[in-house]
Amino acid sequence: MDTSEDLTESSLLVVVLDVGLSRATTLRNDPALAGQVLEAVIAFSNAHMMMRLKNLLALVACDTETTEWIYPESKADMSDLRQQDGQHELFNELERTVRRKIAQLLKRSAGSNSKGESMLSGALGRALCYVHRMQQEERQLNARVLVVTANGQSVSQYMNFMNVFFTAQKQNVLIDVCCLGPESSLLQQGCDITGGQYFRPPQPQGLLQYLLWVFLPEPLLRNKLALPPRVKVDYRAACFCHRELVDIGFVCSVCLSIVCKFSPICTTCHTLFKTPGTLPIKPKRKKAKLV
Amino acid sequence: MAAEDDGKEYRWETGYEKTWEAIKEDDDGLLDGSVAEIIQKAKRKRMLERKSNARLGMMRHIFVVIDLSECMADQDLKPTRQICTIKLLNAFIEEFFDQNPISQMGIIVMKNKRAEKVSDLTGTAKKHIKALHQVESMPCGGEPSLQNALEMAMRSLKMLPSHASREILIILGSLTTCDPGDINQTINELKEHVIQCSLISLAGEVHICKALAKATGGQFGVVLDDAHFKDLLLLHVEPPPAAAKLEPALIKMGFPHHVTGAVGQSKDAPMLAICMCHLDVPSECKLSAGGYFCPQCNSKYCELPVECKACGLTLASAPHLARSYHHLFPVAPFAELPFNAGDKNDPCYSCQRSYSASKDKNIYKCGRCLQIFCVDCDIFVHETLHMCPGCASHPSTTSQLK
Ligand SMILES: [Zn+2]
Ligand SMILES: [Zn+2]
Ligand SMILES: [Zn+2]
Ligand SMILES: [Zn+2]
Ligand SMILES: [Zn+2]
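Calculation notes
Residues numbered from 1 in each chain as written. Chains lettered and ligands numbered in written order. Predicted model: local features only at pLDDT ≥ 70, side-chain atom pairs only at ≥ 80, totals over all residues. Heavy atoms only, no water. Core = buried A, V, L, I, M, F, W, Y, C linked by side-chain atoms within 4.5 Å. Buried < 20%, exposed > 50% of the residue type's maximum accessible area, 1.4 Å probe, protein only. Helix = DSSP H or I, 4+ residues; strand = E, 2+ residues; numbered from the N terminus. Contact = heavy atoms within 4.5 Å. Pairing = 2+ DSSP bridges. 1 Å grid on protein atoms, 1.4 Å probe; cavity = no way out; pocket = protein on both sides within 12 Å on 5 of 7 lines; lining within 4 Å. Points joined across faces, edges and corners; volume = space filled by probe spheres on them. Nonpolar A, V, L, I, M, F, W, Y, C, P; charged D, E, K, R; others polar.

A. Local environment of the nonpolar core. Within the largest apolar cluster, 89 residues are counted, with the highest numbers of intra-cluster contacts made by L12(A), V14(A), V145(A), I175(A), L321(B) and Y325(B). Here the element with the most residues in this core is helix α5 (residues 120–137) of chain A; it accounts for nine residues. If we skip the residues at most four places from it in the chain, L321(B) touches V251(A), L256(A), I258(A), I102(B), M253(B) and F255(B). Judged by nonpolar contacts, the second largest core, of 36 residues, contains A40(A), I102(A), C178(A) and L211(A).

B. How the structure looks around the sheet that holds strand β12 (residues 300–301) of chain B. Residues and elements named next belong to chain B. The antiparallel open sheet is built from three strands, whose spatial order is β8-β11-β12. The open sheet is flanked by β8 (258–259) and β12, the only strands paired with a single partner. Two strands pair when backbone bridges link them, and β8 and strand β11 (residues 291–293) are joined in this way by two bridges, in the antiparallel orientation. The partner of V259 across the bridge, within β11, is G291.

C. Structural detail: empty space enclosed by the protein. Per the counting criterion, the structure on display carries five cavities of 30 Å³ or more. Each pocket or cavity is described by its volume, and for the largest cavity that value is around 90 Å³. Together, N163(A), F166(A), T167(A), K170(A), D98(B), Q99(B), R323(B), H326(B), T384(B) and H386(B) line the largest cavity. Those elements that place two or more of their residues in the lining of the largest cavity are α6 (158–171) of chain A together with α3 (81–99) of chain B. Residue contributions to the lining of the largest cavity peak at four residues, all from α6(A). Counted by class, the lining of the largest cavity contains one nonpolar, six polar and three charged residues.

D. Structural detail: unusual backbone geometry. Here the amide bond leading from Y71(A) into P72(A) is cis, since omega sits at -5°, within 30 degrees of zero. Relative to the helices and strands, P72(A) resides in the loop between β3 (67–71) and α3 (74–78). Here the amide bond leading from K78(B) into P79(B) is cis, since omega sits at -10°, within 30 degrees of zero. Tracing the backbone shows P79(B) in the loop between β1 (60–67) and α3. For N112(B), which is not glycine, the phi dihedral falls at a positive 45°. Looking at the secondary structure, you find N112(B) in the loop between β2 (104–111) and β3 (114–122). Notably, L370(B) is not glycine yet its phi reads approximately 65°, a positive angle.

The structure is reproduced here in structure tokens:
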């Protein structure tokens, strides 16, 4: 029957939770919301664990100062968590660990008043390393990542994000994004590159419903559901000189820097260029070689 | 003929002995070295040798030449040399285009003293994968002709603009080559056109191969087993340092918008159009509204990167270029530290695995963020992720640009 297949297959979900939610302007006037988001994420995590006996879950959190590994704890990792009758204990343990460690993280970051970007790319990097390890330990593992954030516009982390997206694509890992703040074209690109779902709930208060509706179904099932349609993704390049989006630009053949106007020297690698525009192709006819 | 020069006709039959020699030498006196360990060491060594901010020729043009002569049916690689080669090349192609996104590749096979082009220079990985699929079922036969294959590749490569890097990678199973003329003359011509030739021999050292690689600045390697074969192949994923003779250039490039053509986009929804990329394969042609449109002439393509067939503009997307930036900003190598089981150790910073004395001889420390990683994460970070998760977790170290 089906059961034998179900037992061998497991699905790993790594939740990347940005706890710097209250900094997003859209959420600032609702201080209770950060708590609701945590509740929703915990309930959602439990729902994922209930879907299948062998499902796995991990949770990484980040704020503007640091990233923190929340679940599973490495010690607990070593003892067997998949006891047949231990399901309830498992949920309990998950919930307690997550609450305790998130509280620790919030306490630590409460002192600092940084208004910077969330360290989202670092948290995603740790998530993918974990996925890499689990994929090697367990053959039949589907893995995906869910990002819950309110700060997705991170200029200084642009390259980190790109590295993360391409790595995920290579690992066959979907990146889903639930965006509670302003639209993030960067995270949209990540979803588009990895085949994940990008969604911005119209009412953050109803987060749990949206999570269960959009992000709980496994990728294979999603084709059969009417989920929010793919958005149009802006893939234009930003020039290195003005950080403006360009349709047609010039690319240095040595370092691939993009500039919007021809210049005789590359600002990134200091290469000197000779001729502008396309290069002439001169086929040199050699004398006949073989007799 | 060339192989006969050094007088050892049965060189490849002694292949096993050579394998053990290599292990003893590489292992600095340790006798229990396994091939896996050699490979891991080689990986780290290569990582350490990689210089940061090195100038690299990124618009690569490479011809992969596959030997399909009689000896490729041998079973010293499993299941056969031919199938093993194809299998590894599939992975190589994916990896190559992943790391060299605006590069082009072509494939040539050698059999019955002739060279045959099975796929022309193009930047679409899928076409090559398809061609390889055909090669997999081709019967092996006759002798290879190195010279014919080199001449064929050179005819295409020498036409390229001078800023393009030109390479030929040959996978040779045979110990002999059957050439119509003087191969040394061909080698001189290759040198003249700055075409770098590398060879991977499945059988053993062949004098002319070594000479060819040396003269053109390429690499020459003899495989020990399939894992080592893979390792030698993947060496060529990394771009070669730009040869001094290549002229750098600023290349005009287009970055098309992606229009999904999803229902509900009424205002600027495009008309139905046939993509240019499938014009030559009518059966695969799809009439659709979505796609990428050339900003210069408005031709439509379903995939990037591509060279516009109508106006010649190279079309790419920003992430395609960003994929290559890790060559400019590589993660600095981590320091190797001995692991002492007695010490109280946190688990690996990124994968959370606890270290064990049996598996972890060493642990690895990032010099920038000072976090400690396991050996698997060390390699994963440097070969795949190209970003240190520890550095990316702190505002002061998160940006590679200074
Ligand atoms: Zn500019
Ligand atoms: Zn440059
Ligand atoms: Zn065009
Ligand atoms: Zn690790
Ligand atoms: Zn670091």
